[in-house]
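Residue strings, one per chain:
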Amino acid sequence: MNAYRRLLSLPGARSFVVSAAVGRLGNAMFGVAIVAMISGRTGSYGLAGAVSAVGLMVFAITAVIVGRLIDTHGQRRIALPLVAWGVIWSVMTVLASLLSWPTWTLFVTYSLSAIVVEIGTMSRARWVHLAPDDLRHSAMALEQVADEISFVIGPALAAALATILFPESGFILAVVLYASGTALLMANRRTEPPARAEHVHQPTLAIVQPGIQVLAVCLFLVGVIFGSNEIVTIAVSKQFGHASLAGIVLGTFALGSAIAALGFGTRTVRMPMRRVLLVSAVILVVMQAPILLAQSVGVLAVLMFLAGLAAAPALVTSMNLTQQLIPVHQINEALSVVLTAMLVGVAAGSAVGGVVADHVGGAHAYVVPLAAGASLALTAALGQRVLARPRDDATSEYIEKV
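So, how was this worked out
Residues numbered from 1 in each chain as written. Predicted model: local features only at pLDDT ≥ 70, side-chain atom pairs only at ≥ 80, totals over all residues. Heavy atoms only, no water. UniProt positions renumbered as here; feature names shortened; annotations may be inferred. Helix = DSSP H or I, 4+ residues; strand = E, 2+ residues; numbered from the N terminus. Buried < 20%, exposed > 50% of the residue type's maximum accessible area, 1.4 Å probe, protein only. Contact = heavy atoms within 4.5 Å. Areas by Shrake-Rupley, 256 points an atom, 1.4 Å probe, with all protein chains shown as cover. Core = buried A, V, L, I, M, F, W, Y, C linked by side-chain atoms within 4.5 Å. Phe/Tyr/Trp six-rings, centres within 6.5 Å; stacked < 30°, edge-to-face > 60°. Expected span 1.5 Å × (residues − 1). Polar contact = N/O pair within 3.5 Å; in protein donor to acceptor, adjacent residues only side chain to side chain.

Going by an unreviewed UniProt entry, the protein chain carries the name MFS transporter and comes from Branchiibius cervicis. Annotation of the protein chain in UniProt includes, under Subcellular location (unreviewed entry), the sentence "Cell membrane".

Trainee: Tell me what's going on with the overall build of the protein chain, and back it up with residues and numbers.
Mentor: Check the secondary structure of the protein chain and you find 15 helices and zero strands. Once the C-alpha set of the protein chain is aligned to its principal axes, its extents read approximately 60 × 50 × 40 Å. In the protein chain, which comprises 402 residues, the proportion classed as buried is 54%. For the protein chain, the share of sequence-separated contacts (at least 6 apart) that also reach a separation of at least 24 residues comes to 83%. Summed over all atoms, the accessible surface of the protein chain reaches about 16,500 Å², with 70% contributed by carbon and sulfur.

Trainee: Before we move on, could you go through the nonpolar core and cite the residues and values that matter?
Mentor: One finds Leu-7, Trp-127 and Phe-171 to be the most contacted residues of the largest nonpolar core, which totals 113 residues. Per-element accounting of this core gives the leading share, 15 residues, to helix α12 (residues 297–325).

Trainee: Please set out the packing of aromatic side chains residue by residue, giving values where relevant.
Mentor: If you walk through the whole model with that rule in mind, you get six aromatic pairs. With centroids separated by 5.9 Å and ring planes inclined at 55°, the aromatic side chains of Trp-85 and Trp-89 adopt a geometry described as tilted. With Trp-85 and Trp-89 both in helix α4 (residues 75–98) and four residues apart, the pair spans about one turn of that helix. Relative accessible area serves as the criterion here: at 22%, Trp-89 is assigned to the partly exposed category. Ring pairing ties together the aromatic residues Phe-30, Tyr-110, Phe-171 and Tyr-178, which thus form one cluster.

Trainee: Break down α4 for me, citing the residues and quoting the values.
Mentor: Taking 1.5 Å per residue as the helical rise, α4 with its 24 residues ought to reach 34 Å, and the 34 Å between its terminal C-alpha atoms agrees with that figure. Where α4 terminates, the next one or two residues include Ser-100, which has phi positive at roughly 55°.

Trainee: Please provide a residue-by-residue account of the side chain of Ser-123, values included.
Mentor: You can see Ser-123 is positioned in helix α6 (residues 119–130). Since its relative accessible area comes to 1%, Ser-123 is described here as buried. Separated by 2.7 Å, the side chains of Ser-123 and Glu-143 make a polar contact. When near neighbours in sequence (up to four residues on either side) are disregarded, Ser-123 contacts Phe-16, Ala-20, Arg-24 and Glu-143.

Below you can see the structure in the form of structure tokens.
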């Protein structure tokens, strides 16, 4: 754990890690919280899913623009106004639910509340600014662990509150955590990367960089794995007669991923990162394949844990490659691109996984995440040459670490 101790001993590091953890927990709650709120109040899962999907689309469209604004003007100047914006429209969303306003108001208010800053990208950008070269690998691993923990605790907490208290309670807590965590993060000025206003007129977008395009496709496929795993696991657990254990089975996947991320972050990786991505993708496919043969929830939980162990290195490596292949002044924008691609993949995986689970019985429905894993390995293989290209290093402020 020496690498992590060194990271957390950097000036201001512990403060911004805790603040980001609070904010990202709120972010992790929103998806389940909005579904629980609307379905609990109206009884319609279809309406709840539709509102959630529209909100996710708005976030996906605006996240890259917000990331570019942050790179240009700095985190604080963009994040604080958007926090206020998000809180206002979130309050309106809660009122629309509580007071039974017309259905269209739920779509409008929640969509507008989804124009937010991404805590994970701002936190990763701070590590790129703060951590020395030899610790950036560990920093990306630590970020992955934080994401895994938030997405284990957040959705469960949101669902529990909406069930035990009242439908809007989980959503309200998500707003409070997101807003307070972001505000505390912005109060930590010591670790904030400098604004890159001198590049405000630069026409090149991060998404047009070939390496970022490859990584966006890779993260989209990782998202498909996550999204389809979730819906298929719920369906398969029900088919096995243990629907109540689906959350535990999914938790084993997240636990395996968190453990692997911690261990992977302490290792010195000697082969090029692009090859690490390919190897990780191949191992993930190998670890996923036995799930197709699972015949009980117990076996399924063990196999999901092993698959989780293989998922983390691919994610951590993708984040490392992102910050290596892009100029410093585009780091938030590039991270927003790949993380948004993953969120879109989660939504797509949930949709496809649900359809397959309805038509394919038992664990064979895991063919969706397995196919996504195989596509990930193929994409990583075909993208080796593109991922090997160093970024344009026209100024001394660009980091030389490919």
